[in-house]
Structure formats: C-alpha cells, structure tokens
Amino acid sequence: MASSIRAAAKVDWSKLTVSLGLKKETVAALQAFRKRNDEARRVVLALKEQKTDIDFEHYRSLLKNKGIVNEAEKALSSFKPVKTDLNAQMKIVEIIESKAVENAKKTVARVDDELKDLHSTLTNIEQTRPFEDITVEEIVKAKPEINDIVEKMVKRGQWGVPGYEEKFGYGS
Amino acid sequence: MPQLVPFYFVNQLSFGLILLSVLIYLASKRLLPQLLQRFISRIFITLA
C-alpha cells in the first residue's frame, strides 16, 4: 500500500499526458483517474484526521443518566465494521485496466508502425541517388500522376510547362 | 532541275504531304509528349 502511494506520487502527470502522444480518450481517462485518485486521497486524509477515541468517563461525569453512557460504550465496543464486497468494484477496475492495456497496446502498435515508416524513410534517404542518375521512367513509376498530367496537357494542345524556362533556362 | 519539270509535280506533292503528315503524327504522339513528360518530371523532382 505504502509503496503504491509512493509510486503514485512519483507519476509525472503532465509528462504522461503531453509528451507520450497518447490518444485523446486515453488522456481523458488518465485525467479522470487522477481526479479520482486525488479525491480518494483527500477523503482518506480527512478521515484519518478525525478523532476515533471517546472519553466515556467525561460523559459519565457530565450526564446524570449513566445507563445511556454505558449503553453507548457497549455499542461502541461491540461495533464491528461491515465488510463490503469489493468484487463488483474490482471487476470494474479490471475492465478499466483491460481497456487501458488495450489502448496502450494500440498506442504501441501505432508507434511501431510510425517507427517502421520512419526507418523506411531513413533508408530511402540514405539510398537516394543523384538527380543525374534518375531516369524519366523511374520518376513516372514513382509518380504515375505525371502521365495523367501529360495526357491532359496534350489533349489541350499545351506543349510547354508554365514557368519551366524561367526556372531552368531557355533551351534546357 | 526535275523539281521544276511539271511531270514530277504530282509525285512531289503526294510525297511531301505523306512526309508532312507522318512528321505531324510522330511529333504529336511521341516526340512532344515525351518532351512534356521530361519537363514535368524535372519540375516534380525539383519541387519535391
């Protein structure tokens, strides 16, 4: 219990919600959980601060009716806290946990995909060839929309590209 | 000069027309589209 409280106190919430790139729903769930955690901690503290011992002798000296004080003392000594069945709540917690784990797995998968993309981009960048070695066929293969543009321009009878000669010089 | 002999006029005219139409066809279907494709590709790789 104490170790879990220490662990909870160490959690950097702002970093958790901002820097990890989590989904909106995950962030909302985390914030709701944090709110509940803070509230529970506050309630526990407030309850701990309350007095639990009663000075019955004081009341005996004050009240004329000693019987009622005795009865109250007996009731207090015979009081046993009611045990509540936490199974239902535990089930809810488990459901929430499974959802959180699922979301985390999804996030991991997404991050993995992004990493793969980035790696492939990196290898592409590393393996790029100089412009002089690239052929028109390769460019058209990589960008098939060039053919569509050419077809459209040919249909329109437009044989020049606007801005080409200004960019690369006349006759190049 | 045979070009100026009227006997060859029809022959010259027909061959001239055939050559001209073949040239126009080749230019519109192959040469100019290829050139345009090259221009657009160059713009694509420069802008990208």
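Every value quoted in this text rests on a predicted model; they were computed, and no experiment measured them.

**Some thoughts on the overall build of chain A**
No. 1: Along the backbone of chain A there are 9 helices and 0 strands.
No. 2: In chain A, which comprises 172 residues, the proportion classed as buried is 10%.
No. 3: Long-range contacts, defined here as pairs at least 24 residues apart, represent 21% of the contacts in chain A between residues at least 6 apart.

**As for a nonpolar patch on the surface**
Residues and elements named next belong to chain A.
No. 1: A surface patch of nonpolar side chains, amounting to about 550 Å² of accessible area, comprises I54, Y59, L62, L63, I68 and L76.
No. 2: Counting only elements with at least two residues in the nonpolar patch, the list comes to α4 (56-62) and α5 (66-78).
No. 3: Along the chain, the position of L63 falls in the loop between α4 and α5.
No. 4: The partly exposed category is assigned to L63, whose relative accessible area is 39%.

**Topic: α5 of chain A**
No. 1: Spanning 13 residues, α5 of chain A covers 18 Å between terminal C-alpha atoms, matching the ideal 18 Å at 1.5 Å per step.
No. 2: Between a side-chain oxygen at the N-terminus of α5 of chain A and the backbone nitrogen of G67 of chain A the separation is 3.2 Å; the capping residue is N65 of chain A.

**A look at the nonpolar core**
No. 1: In this structure, I139, V140, I146, V150, M153, V161, Y164 and F168 of chain A together with L36, F39, I40 and I43 of chain B together form the largest nonpolar core, which totals 12 residues.
No. 2: Among the elements that make up this core, the one with the highest residue count is helix α1 (residues 9-47) of chain B (4 residues).
No. 3: Sequence-distant contacts of F39 of chain B, defined by excluding residues within four places in its chain, comprise V161, Y164 and S172 of chain A.

**Let's talk about the layout of surface pockets**
No. 1: Computed from the structure, the second largest pocket encloses a volume of approximately 330 Å³.
No. 2: In this structure, the second largest pocket is lined by 13 residues; those nearest its centre are F131, I134, I139 and A142 of chain A together with I45 of chain B.
No. 3: Secondary-structure elements contributing two or more residues to the lining of the second largest pocket are α7 (136-142) of chain A together with α1 of chain B.
No. 4: Here the lining of the second largest pocket gets 3 residues from one element, more than from any other, and that element is α7 of chain A.
No. 5: Partitioned by chemical class, the residues of the lining of the second largest pocket number 7 nonpolar, 3 polar and 3 charged.

**Considerations on the UniProt feature "coiled-coil region" (unreviewed entry) in chain A**
No. 1: The residues that UniProt annotates with the feature "coiled-coil region" (unreviewed entry) are residues 101-128 of chain A.
No. 2: Summarising residues 101-128 of chain A: 93% helix, 0% strand, and an end-to-end C-alpha distance of 40 Å.

**Some details on the packing of helix α8 (residues 145-155) of chain A against α1 of chain B**
No. 1: Taken N-terminus to C-terminus, the directions of α8 of chain A and α1 of chain B make an angle of 130°; their axes are 9 Å apart at the nearest point. Classed by the angle they form, the pair α8 of chain A and α1 of chain B counts as oblique. Between α8 of chain A and α1 of chain B lies a crossing whose hand is right-handed. In this structure, α8 of chain A uses E145, I146, N147, I149, V150, M153 and V154 of chain A to contact α1 of chain B, whose residues at the interface are S28, P33, L36, Q37, I40, S41 and F44 of chain B.
No. 2: Classifying every residue of the contact of α8 of chain A with α1 of chain B gives 9 nonpolar, 4 polar and 1 charged.

**Examining the side chain of Q37 of chain B**
No. 1: Of note, Q37 of chain B is situated in helix α1.
No. 2: On the accessibility criterion, Q37 of chain B (18% relative accessible area) is buried.
No. 3: The residues contacting Q37 of chain B, other than those within four sequence positions of it, are V136, V140, I146, N147 and V150 of chain A.

**Topic: the environment of F56 of chain A**
Residue and element names in this part refer to chain A.
No. 1: The topology assignment puts F56 in helix α4.
No. 2: Here F56 falls in the buried class, since its relative accessible area comes to 11%.
No. 3: Along the sequence, F56 and N70 sit 14 residues apart, while their C-alpha atoms lie 8.2 Å from each other.

**Quick word on the interface of chain B and chain A**
Many analyses report the size of an interface as the accessible area lost when the parts associate.
No. 1: Listed per partner, the contact involves 15 residues of chain B and 20 residues of chain A.
No. 2: Between chain B and chain A lies a buried interface of about 1800 Å² when both sides are counted; carbon and sulfur atoms form 82% of it.
No. 3: Interface area lost by chain B to chain A is led by L36, F44 and I45 of chain B, which between them contribute 30%.
No. 4: Remark: the boundary between chain B and chain A carries 0 salt bridges.
No. 5: Between chain B and chain A we count 2 residue pairs in polar contact (both at pLDDT 80 or more) in total.
No. 6: Of the residues belonging to the side of chain B that touches chain A, the class tally is 9 nonpolar, 4 polar and 2 charged.

Cut-offs used in this document
Residues numbered from 1 in each chain as written. Chains lettered and ligands numbered in written order. Predicted model: local features only at pLDDT ≥ 70, side-chain atom pairs only at ≥ 80, totals over all residues. Heavy atoms only, no water. Helix = DSSP H or I, 4+ residues; strand = E, 2+ residues; numbered from the N terminus. Buried < 20%, exposed > 50% of the residue type's maximum accessible area, 1.4 Å probe, protein only. Contact = heavy atoms within 4.5 Å. Patch = residues over 30% accessible without salt bridge, like charges linked within 9 Å, V, L, I, M, F, W, Y side chains within 5 Å. Areas by Shrake-Rupley, 256 points an atom, 1.4 Å probe, with all protein chains shown as cover. Salt bridge = Lys/Arg side-chain N within 4 Å of Asp/Glu carboxyl O. Expected span 1.5 Å × (residues − 1). Polar contact = N/O pair within 3.5 Å; in protein donor to acceptor, adjacent residues only side chain to side chain. Core = buried A, V, L, I, M, F, W, Y, C linked by side-chain atoms within 4.5 Å. 1 Å grid on protein atoms, 1.4 Å probe; cavity = no way out; pocket = protein on both sides within 12 Å on 5 of 7 lines; lining within 4 Å. Points joined across faces, edges and corners; volume = space filled by probe spheres on them. Nonpolar A, V, L, I, M, F, W, Y, C, P; charged D, E, K, R; others polar. UniProt positions renumbered as here; feature names shortened; annotations may be inferred. Axes fitted to C-alpha atoms, helices over the stretch in contact; angles between N-to-C directions. Parallel < 35°, antiparallel > 145°, perpendicular 65-115°, else oblique. Left-handed = near helix turned anticlockwise from the far one by under 90°. Buried area = accessible area lost by both parts, 1.4 Å probe.

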